[in-house]
Amino acid sequence: MTSQLKDSSLFKQQCYVNGQWLPAQSGKLFAVDNPSTCAEVGQCPDFGAADTEAAIKAADVAFKSYRKTPARARANLLRAWFNLMMENIEDLALIITLENGKPLADARTEVKYAASFLEWFAEEAPRIYGDTIQASNPDCRLITLKEPIGVCGLIAPWNFPAAMITRKVGPALAAGCSVVIKAPGEAPLSALALAELAHRAGIPAGVFNVITALDNTVEVGKVLTTHPIVKKISFTGSTAVGKLLMNQSSSTLKKLSFELGGNAPFIVFEDADLDVALRGLIASKFRISGQTCVCANRILVHSSIYETFLQRVVDTVKNFKIGDGLDEATTHGPLIHARAANKVHDHVKDAVSKGARVVFGGEPLSDLGPNFFNITVLADMKPGMKVCSEETFGPVAAFFSFDTEQEAIELANDSEVGLAGYFFSKDSRRCWRVAEALEVGMVGVNVGAISDPAAPFGGVKQSGFGREGSKYGIDEFTITKMIMTGINT
Ligand code: SIN
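Residues numbered from 1 in each chain as written. Predicted model: local features only at pLDDT ≥ 70, side-chain atom pairs only at ≥ 80, totals over all residues. Heavy atoms only, no water.

Chemist: Can you tell me about the UniProt feature "active site" (unreviewed entry) in the protein, naming the residues and giving the values?
Modeler: UniProt's entry tags Glu-259 with the feature "active site" (unreviewed entry), counted in the numbering of this structure. With respect to the helices and strands, the residue Glu-259 is situated in strand β11 (residues 255-259). With residues up to four places along the chain from it excluded, the contact list for Glu-259 reads Arg-167, Phe-235, Thr-236, Gly-237, Cys-293, Leu-419, Phe-457, Ser-463 and Glu-468. One polar contact links Glu-259 to Arg-167, side chain to side chain, over a distance of 3.2 Å. (UniProt positions renumbered as here; feature names shortened; annotations may be inferred. Helix = DSSP H or I, 4+ residues; strand = E, 2+ residues; numbered from the N terminus. Contact = heavy atoms within 4.5 Å. Polar contact = N/O pair within 3.5 Å; in protein donor to acceptor, adjacent residues only side chain to side chain.)

Chemist: Describe the sheet that holds strand β5 (residues 132-133), with residues and values.
Modeler: Reading across the sheet, the 3 strands line up as β5-β6-β22 and stay open at both edges, with antiparallel pairing between neighbours. Both outer strands of the open sheet, β5 and β22 (478-486), are each paired with one neighbouring strand and no more. In this sheet, β22 lies alongside strand β6 (residues 140-148) in antiparallel orientation, the contact comprising 9 bridges. Note that in β22 the partner of Arg-141 across the bridge is Thr-485. (Pairing = 2+ DSSP bridges.)

Chemist: Pulling in residues and values, what's your account of the site of the ligand?
Modeler: Around the ligand, the surrounding shell consists of Tyr-113, Asn-159, Phe-160, Met-164, Arg-167, Thr-236, Glu-259, Arg-287, Thr-292, Cys-293, Ser-451 and Phe-457. A distance of 3.0 Å is found between an oxygen atom of the ligand and a side-chain nitrogen or oxygen belonging to Asn-159. Between the ligand and Glu-259, the relevant distance is 2.9 Å, taken from an oxygen atom to a side-chain nitrogen or oxygen of the residue. Because more than half of its atoms lie within 2 Å of the grid, the ligand is assigned to the largest cavity. Its residues placed into classes, the shell around the ligand shows 5 nonpolar, 4 polar and 3 charged. (Near = heavy atom within 4 Å. 1 Å grid on protein atoms, 1.4 Å probe; cavity = no way out; pocket = protein on both sides within 12 Å on 5 of 7 lines; lining within 4 Å. Sits in = over half its atoms within 2 Å of the grid points. Nonpolar A, V, L, I, M, F, W, Y, C, P; charged D, E, K, R; others polar.)

Chemist: Let's hear about the packing of aromatic side chains: which residues, and what values?
Modeler: All told, the structure shown has 14 aromatic pairs when counted by the stated rule. Taking the centre distance of 5.6 Å and the plane angle of 75 degrees together, the rings of Phe-269 and Phe-402 count as edge-to-face. Of this pair, Phe-269 sits in the loop between β12 (264-268) and α9 (274-286) while Phe-402 is found in strand β16 (residues 396-402), placing the two residues 133 residues apart along the sequence. With a relative accessible area of 1%, Phe-402 lands in the buried category. A ring pair is formed by Tyr-306 and Phe-399, whose centres lie 6.3 Å apart and whose planes are at 85 degrees; its orientation type is edge-to-face. Here Tyr-306, found in helix α10 (residues 306-317), pairs with Phe-399, found in strand β16; they are 93 residues apart in sequence, far enough to count as distant. Pair check on accessibility: Tyr-306 and Phe-399 agree, each one buried. Above the face of the Trp-21 ring, Lys-12 is positioned so that its terminal group lies 5.1 Å from the ring centre. (Phe/Tyr/Trp six-rings, centres within 6.5 Å; stacked < 30°, edge-to-face > 60°. Buried < 20%, exposed > 50% of the residue type's maximum accessible area, 1.4 Å probe, protein only. Lys NZ or Arg CZ within 6 Å of the ring centre and 35° of its normal.)

Chemist: Go over empty space enclosed by the protein with me, naming the residues and quoting the values.
Modeler: For the coordinates displayed, the defined rule picks out 7 cavities of 30 Å³ or more. Within this model, the largest cavity holds a volume of roughly 100 Å³. Looking at side-chain class alone, the lining of the largest cavity contains 7 nonpolar, 4 polar and 3 charged residues. The space that makes up the second largest cavity amounts to roughly 60 Å³. Forming the boundary of the second largest cavity are 15 residues, of which Pro-265, Arg-298, Val-417, Gly-418 and Val-440 lie nearest the centre. Where the lining of the second largest cavity is concerned, the elements lending two or more residues are β12, α13 (405-413) and β17 (417-418). Residue composition of the lining of the second largest cavity, by class: 7 nonpolar, 5 polar and 3 charged. (Points joined across faces, edges and corners; volume = space filled by probe spheres on them.)

Chemist: Tell me what's going on with the pairing of β6, and back it up with residues and numbers.
Modeler: Taken together, the 2 bridges between β5 and β6 define a ladder with antiparallel strand orientation. Along β6, the bridge assignment pairs Thr-132 with Ile-143. The turn linking β5 back onto β6 is made up of 6 residues.

Pasting the structure below:
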């Protein structure tokens, strides 16, 4: 691995705590495997409860001085870190591809996306504003201050092993908080490479701590969510794990922001521009082989254009090249592990057993390896199939048909989760109606790629709460303190 990097010192296999590179106290390690080849890429410490507690304590000590750092100085640190990421795009992308499997082109895009959160929050750090408020009592003056909440526990997913780190750390550090970040067990090396760059950028020791665990993940999560020093948990992952972490966090009433699972509806109305809808669908459905929380999961197409649109999608996906992410010709890589590939297969088999039609793909690509699943297009989907109630998190485009706008909205909202939703129409009045009717936190209207550091990212219903990115993202890491001053005493 190191021989492939321009800067081999970005490849770290220890945790970063209080400015030091550390093994687990137990000496236990876990292997990080390349999802394409199943070959071992590296080994990381399986941190336990005592290691995690030490990291929290280091973050607490660092917080006491870091919180007083002037906003401009915090901005400069984040900007320096952003610059270092941009100088190391190729190496960071290689690490992402090796541990996550996504094609190099997507990995490069992720590095830029990840860096953009540091840039964005460098710009937000000096723009944290309180209010002056007219007090009810004329003898009093009232203002609010925004203060950093304290030590934050951040738990990040494997699908964007760099971007989901910076989307959480950027606002936390901009606000003046210190963090302990639990890197994803499947793909921890990107977070450790970012720690090396944070160190070079001059982020003070103890402000940014990265810990890794695989077998001990539950134990580490428990310490982060129950420790009294930790004041805030930001988590991206499944709804089931979110519920567990929320329960645990209730013992100390932590502030929470949770970005959980989605089941995005993608509606194509009869008046849509089909070229635009096709581009949107490819971007939304097949980005990193369908492994994003905002991927289209249920594609609802008006019956009058159903077969035409379906055929155009098939004509496009048959040109995709599935393979090892390191091969520049690869357009779509493997799934993260065999469990993920099996879940995708289960959704396909369930749909077919209930009457769905396989129009393309539909099977694992075992010749390539245990984690590969073919790009799949399913037609004649119906409510009651697993795709309707579970996030597939894989490359399956599942097509439903509808006849009226009301029916499309009802189908779209027939879900316990509500993260992203998309629709395509040229009628501006319909655009407002449908955008307001969808029960989701994010709507793409005539666009399938909605991820942007300037946009508030987050969901409603069982997709969680809180917003990441944007001018709102920093609020998640601050508290509002009110100060009332009597002027005639
Ligand atoms: C996610 O899948 O959780 C993040 C997707 C994105 O930021 O675009």
